[in-house]
Amino acid sequence: MLELRNLSKQFGGLRAIWDLSFTVRKGDFLGVIGPNGAGKTTLLNLITGYLKPSSGSILFEGNPVQSLPPFRICRLGIARTFQVVRPFGEMSVEDNVLAAALFSASERIGVAEGRARARSPLELTGLWPIRDQLAGTLTIAGKKKLELARALAVRPRLLLLDEVMGGLSGPEVTEIVEVLERIHATGTTILMIEHLVEIILKLTSRVVVLNFGEKLFEGTPQEVVEHPAVIESYLGRPLEAAQAS
Amino acid sequence: MRMQASSLLRAIPALLGLALIASAFVDMPQVNDWMFQISMLIIVSVSWNLMASAGLVSLGHAAFWGVGSYASMIAATRLGLPLVGGVVLAVAVGALLGCVLALATGRLRGIFFAICTLALAEGLRVTTVMLPDQTGGASGLYLPQALQVPRTALFVAGAVAAVICAAASVWLARTSFSYACRAMRNNESAAQMLGLDPLRYRMAILAISAGMVAGAGAISTWYGGYLDPDVAFSMHITIESQIASILGGMYTVAGPIVGAIAIVALSEATRLGLGAHEGASQLAYGVVLVLGILFMPRGLYGLWCDLWAGRIAGAGKADDTATEMAR
């Protein structure tokens, strides 16, 4: 469904993403993990057209998409959430989601139809009871849910999640995990960046580990958490090993 | 009771529009002049507010006004184009300028966009001075005698144009266009990820806004009968368009219209009441404006909404007003 081929992105001398290749297959629930600064968010920015790759290509359903602007990417059926939330603060929660339904629709739809389409994402994310609240007044957890609701209103075939659980309390995480399971079950392919390892273990079928912009490892979640190089990239080498080498 | 009151309220704008057009036929020069001023100011402030609601703050409405004025005046002096043709031409040229401005400013926002519009207005003013053969330069252009129309026709044209612009803004507020504007104002980059093409909307917004103001400029030129660069690209237009919107209530449909009426009323009242004392009228005008903006952050329309809500809900509304303020 989504294929990255030898993708690189340099900011001056910094290699944010370096020669990265992997494939997301239809129906996948792929996790992307890696320490801070590994290039996870840069990766999403490249896929969604916010950044242009320095070299390499991105194929979505067989077509190159690396030179398309974000709004075209969206209309192809890709939605994302932002790690640093970007709500429309002066609009109500419902209007935020409604806007997403309106502009992502492939055909021209009216406000009434948009409102109807906004309902299910609002209910799924538990925002329906507070739909009239201004988005700017939501808690961080509320804003994260709103990011997800807006992305769902796009009705994507590929959903990219950038730490959508960050800042959520335990019960809320459980709630959103259930929501994501349901969305995945309806046939949406999901690529998820997440720091919470238990979420990755629970939800994903495959994990790509990034470190310094390169693919360190790819495998099942179980393989990943047991892989020495992954542990090292997160925690550093054991002291005795470092001394020995 | 409530139902009746709200349907009455809904009829008020249409009645006001009819009253504005009807006033052109009243034979009272002073009233006609006020109504004409109000009509022109409604157009520029509705236009300014439309752009502002999408996060595009304009300091260059004089550019649109001036381009419309000159397009119609040059066509009138050279080609003998009459009023209606001149207004249509002005709207077209204004809309084109709006599109060019949208393309040229690309993704600029906020103060950066505002400065570009200011530069556009000033640049066009200087250009008209520098091209005396085409524009009459600093000595200006006079409307040919043969093309002049009765004043009543101009008052009707102004009122009709104002009603059309106001109706357009009411209609736009009900369509997905208003959602695009608000989303772009709040976070243009996030709006893109939801499938919104910012350039397309910017071009549409600027074309509509600039076209409106250019049309008003053309009508106003016929009213004045004379045009020079300082008249056409006067900073006054730019400033009044935003003050009317801000005083009336930004980002609302009614705000710019209420503001336009209030500004003309205020400036005429201070002029008539205090005109005898040198500078006193301007001072009073300024003080009232500053106080108005200080103590009515949501404008006259916002204040009216609060009062109206208070009347319906009674004492229970106090809490809501507090939350409203907290926003």
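Residues numbered from 1 in each chain as written. Chains lettered and ligands numbered in written order. Predicted model: local features only at pLDDT ≥ 70, side-chain atom pairs only at ≥ 80, totals over all residues.

**Student:** Tell me what's going on with the overall build of chain A, and back it up with residues and numbers.
**Tutor:** Looking only at helices and strands, chain A has 10 helices and 10 strands in total. Taken against the 2.2 N^0.38 rule, which gives 18 Å for 245 residues, the C-alpha radius of gyration of chain A at 18 Å falls within 12% of a compact globule. Taken along its principal axes, the extent of the C-alpha atoms in chain A is 65 × 40 × 35 Å. Sorting the 245 residues of chain A into buried and exposed places 44% on the buried side. (Helix = DSSP H or I, 4+ residues; strand = E, 2+ residues; numbered from the N terminus. Rg over C-alpha atoms; globule rule 2.2 N^0.38 Å. Buried ≥ 20, exposed ≤ 12 C-beta atoms within 10 Å, placed from the backbone.)

**Student:** Run through the overall build of chain B, naming residues and quoting values.
**Tutor:** Assigned secondary structure in chain B consists of 15 helices and 2 strands. Computed over C-alpha atoms, the radius of gyration of chain B comes to 20 Å, within 12% of the 20 Å expected from 2.2 N^0.38 for 327 residues, which places it in the range of a compact globule. Projected onto its principal axes, the C-alpha positions of chain B cover 65 × 50 × 40 Å. In chain B, which comprises 327 residues, the share counted as buried stands at 46%. Within chain B, residue pairs in contact and separated by at least 24 positions form 77% of the contacts whose partners lie at least 6 positions apart. (Contact = placed C-beta atoms within 7 Å.)

**Student:** Explain the interface of chain A and chain B residue by residue, including any values.
**Tutor:** How big an interface is tends to be reported as the loss of accessible area on association of its parts. Contact with chain A, which involves 26 residues of that partner, is made by 17 residues of chain B. Elements with a minimum of two residues in the side of chain A that touches chain B: α2 (70-76), α3 (93-104) and α4 (111-124) of chain A. Of the residues forming the side of chain A that touches chain B, the biggest block, 7 residues, is contributed by α3(A). Across the side of chain A that touches chain B, the residue classes tally to 15 nonpolar, 5 polar and 6 charged. (Nonpolar A, V, L, I, M, F, W, Y, C, P; charged D, E, K, R; others polar.)

**Student:** Describe the sheet that holds strand β7 (residues 158-162) of chain A, and please don't skip the residues or the numbers.
**Tutor:** Residues and elements named next belong to chain A. In spatial order, the strands read β6-β7-β8-β3-β9-β10; together these 6 strands make up an open sheet with mixed pairing. The sheet terminates laterally at β6 (78-80) and β10 (214-219), the two strands that pair on one side only. Shown here is a sheet whose adjacent strand axes are inclined to one another by a mean of 15 degrees, direction ignored. Sheet strands in contact with helix α1 (residues 40-47) are β3 (29-33), β6, β7, β8 (189-193) and β9 (206-211), and its direction is about 150 degrees off that of β7. (Pairing = 2+ DSSP bridges. Axes fitted to C-alpha atoms, helices over the stretch in contact; angles between N-to-C directions.)

**Student:** Requested: an account of the packing of helix α3 (residues 61-79) of chain B against helix α11 (residues 235-248) of chain B, with residues and values cited.
**Tutor:** Residue and element names in this part refer to chain B. Put simply, α3 and α11 touch, their axes get as near as 7 Å, and they point 125 degrees apart. With respect to each other, α3 and α11 are oriented oblique. As α3 packs across α11, the resulting crossing turns out to be right-handed. Along its contact with α3, which presents H61, A62 and W65, the element α11 presents M235, I237, T238 and S241. When the residues that make up the contact of α3 with α11 are grouped by side-chain class, the tally is 4 nonpolar, 3 polar and no charged. (Parallel < 35°, antiparallel > 145°, perpendicular 65-115°, else oblique. Left-handed = near helix turned anticlockwise from the far one by under 90°.)

**Student:** Outline the domain arrangement of chain A, supporting the account with residue identities and numerical values.
**Tutor:** Residue and element names in this part refer to chain A. Taken as a whole, chain A is organised into domain 1 (2-77 + 156-244) and domain 2 (88-155). Each of domain 1 and domain 2 was reduced to a C-alpha centroid, and the two centroids are 25 Å apart. The interface is formed by 14 residues belonging to domain 1 together with 14 residues belonging to domain 2. With 5 residues, the single largest contributor to the side of domain 1 that touches domain 2 is helix α6 (residues 170-185). Taken together, the residues of the side of domain 1 that touches domain 2 sort by class into 8 nonpolar, 3 polar and 3 charged. (Domains from an automatic or database assignment.)

**Student:** An account of the environment of I231(A) is needed here, citing residue identities and associated values.
**Tutor:** Within the secondary structure layout, I231(A) lies in helix α9 (residues 228-235). For the pair I231(A) and L122(A), spaced 109 residues apart in sequence, the C-alpha separation works out to 38 Å.

**Student:** Talk me through the pairing of β3(A); I want residue IDs and the actual numbers.
**Tutor:** The two faces of a sheet get side chains in turn, since along a regular strand they alternate between them. All names here are of chain A. With 5 of its 5 residues buried, β3 lies for the most part within the structure. With burial as the criterion, each face of β3 is covered, one bearing F29, G31 and I33 and the other bearing L30 and V32. Bridge analysis of β3 against β8 gives 4 bridges, and the strand direction is parallel. Bridge pairing in β8 places F29 opposite I190. In this sheet, β9 lies alongside β3 in parallel orientation, the contact comprising 4 bridges. The residue of β9 that forms the bridge with G31 is V207.

**Student:** Would you mind going over the nonpolar core in detail, with residue names and values included?
**Tutor:** Ranked by size, the top nonpolar core spans 164 residues in total, and within it I42(B), I43(B) and A214(B) carry the most contacts. Split by domain, this core shows at least three residues from each of two domains, domain 1 (2-77 + 156-244) and domain 2 (88-155) of chain A. Contact partners of I42(B), with chain neighbours within four places excluded, come to A162(B), C165(B), A166(B), P256(B), I257(B) and A260(B). (Core = buried A, V, L, I, M, F, W, Y, C linked by C-beta atoms within 7 Å.)

**Student:** Help me get a handle on the packing of α3(B) against helix α9 (residues 198-224) of chain B, residues and values and all.
**Tutor:** Residue and element names in this part refer to chain B. At a minimum axis separation of 7 Å, α3 and α9 run at an interaxial angle of 50 degrees. With respect to each other, α3 and α9 are oriented oblique. Where α3 crosses over α9, the two elements pack in a sense that is right-handed. On α9, the residues that touch H61, F64, W65, G66, V67, G68, S69, S72 and M73 of α3 are A210, V213, A214, G215, A216, G217, A218, S220 and T221.

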